[in-house]
Amino acid sequence: MQSGMFLEKNTYKIHAIPVLKDNIVWVWIIGKEAVVIDPSISEPVKAWLQHRDLKLIAILQTHHHEDHIGGSPDLLKEWPAAEVFACKRDLQRIPFQTYSIDSEEKFSLMGQEIKVLGIAAHTNSHIAYYLPKAKESDQNPSVFCGDTLFAAGCGRIFEGTAEDMFKALQKLNKLPGETEVFCAHEYTESNLRWANSLYPEDFKIKARLDAVIKLREKGQLSLPTTISEERETNLFLKATTIEELASLRLHKDNWKP
Ligand SMILES: [Zn+2]
């Protein structure tokens, strides 16, 4: 099993388990309890948790695609008491959900407040989980945003419109700059190569691309990113109109490295 980076935090830790070609299953841990976000497959996640004697208490699902929910049923066999959080409008597509939620709802998990952000566009019921900065903690806010915001990119628009994606990205853009962004895929290098091909004179994009190439050569992840970093080098987040976002998305969809 490949092992990702380990982020030491005062109050909690978030670990990456890279799986399949470029998916990342994030594991959020406090003490001996763990919450898994979008488990594509179960085996590496199960092994990782069992090796550390961790108890899975919940699964957070951002949307219904197989490479996000595929491992959940099997994890539930091992930890049947784990809650599965998912969008209530996805009851058909994520039928094993036990805690149905929707945009703007709040709930508490492992003592941490979580806000649900509706960010439909990639799918029409895609949600994100935002963990605001807790009092008396120096932990930065965090967001698990699935396939909507990627480092230097955004998700493909399958069920929504360019307007939906524009609104979704701008909702994420309103989060504090220091918010750590836990995307579900490691696409950063390819996204930056594309951005660099469009704007070869943009030194921030070029510098980030060079840094990410070095990280990837060493087998390291480029994630998480932050909202402030995306404000600097993510063309989709920087788009000021729906039309601009739509044409960027179309260009990227047809771009060959
Ligand atoms: Zn997806």
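This text goes with the structure placed above it.
1. Some details on the overall build of the protein
- Helices and strands together make up the secondary structure of the protein, namely nine helices and 15 strands.
- Against the 2.2 N^0.38 benchmark of 18 Å for 257 residues, the protein shows a C-alpha radius of gyration of 17 Å, consistent with a compact globule.
- Seen through its principal axes, the protein has C-alpha atoms that stretch 50 × 40 × 35 Å.
- A buried classification covers 55% of the 257 residues belonging to the protein.

2. Regarding the coordination of the zinc ion
- The zinc ion binds to the protein through H63 (NE2), H65 (ND1), H122 (NE2) and D147 (OD); the donor distances cover 2.2 to 2.3 Å.
- With four donor atoms in place around the zinc ion and angles of 90 to 170 degrees between them, the coordination shape is irregular.
- Sequence spacing of the donor residues for the zinc ion, all on one chain, is H-x1-H-x56-H-x24-D. Here D147 lies in the loop between β11 (142-146) and β12 (149-150) and H63 lies in the loop between β5 (55-60) and α2 (66-69), a separation of 84 residues in the sequence.

3. Points about the pattern of salt bridges
- One pass over the full model with this rule turns up 19 salt bridges.
- A salt bridge links E163 to K167; the shortest N-O distance between them is 3.3 Å. Taken together, the residues span about one helical turn, with E163 and K167 both in helix α4 (residues 162-173) at a distance of four residues.
- In this structure E163 comes out as partly exposed when scored by relative accessible area, which is 37%.
- With its nearest N and O atoms 3.8 Å apart, the salt bridge here joins E186 to R216.

4. A look at the side chain of K252
- With respect to the helices, strands and loops of the structure, K252 is situated in helix α9 (residues 242-253).
- One buried charged residue, K252, remains without a salt bridge, the closest side chain of opposite sign being D253 at 6.8 Å.

Rules behind the numbers
- Residues numbered from 1 in each chain as written.
- Predicted model: local features only at pLDDT ≥ 70, side-chain atom pairs only at ≥ 80, totals over all residues.
- Heavy atoms only, no water.
- Helix = DSSP H or I, 4+ residues; strand = E, 2+ residues; numbered from the N terminus.
- Rg over C-alpha atoms; globule rule 2.2 N^0.38 Å.
- Buried < 20%, exposed > 50% of the residue type's maximum accessible area, 1.4 Å probe, protein only.
- Donors = N, O, S within 2.8 Å, 3.2 Å for Na, K, Ca; no water.
- Tetrahedral: all angles 85-135°; square planar, octahedral: opposite > 155°, others 65-115°.
- Salt bridge = Lys/Arg side-chain N within 4 Å of Asp/Glu carboxyl O.
- Lys, Arg positive; Asp, Glu negative; His and termini not counted.

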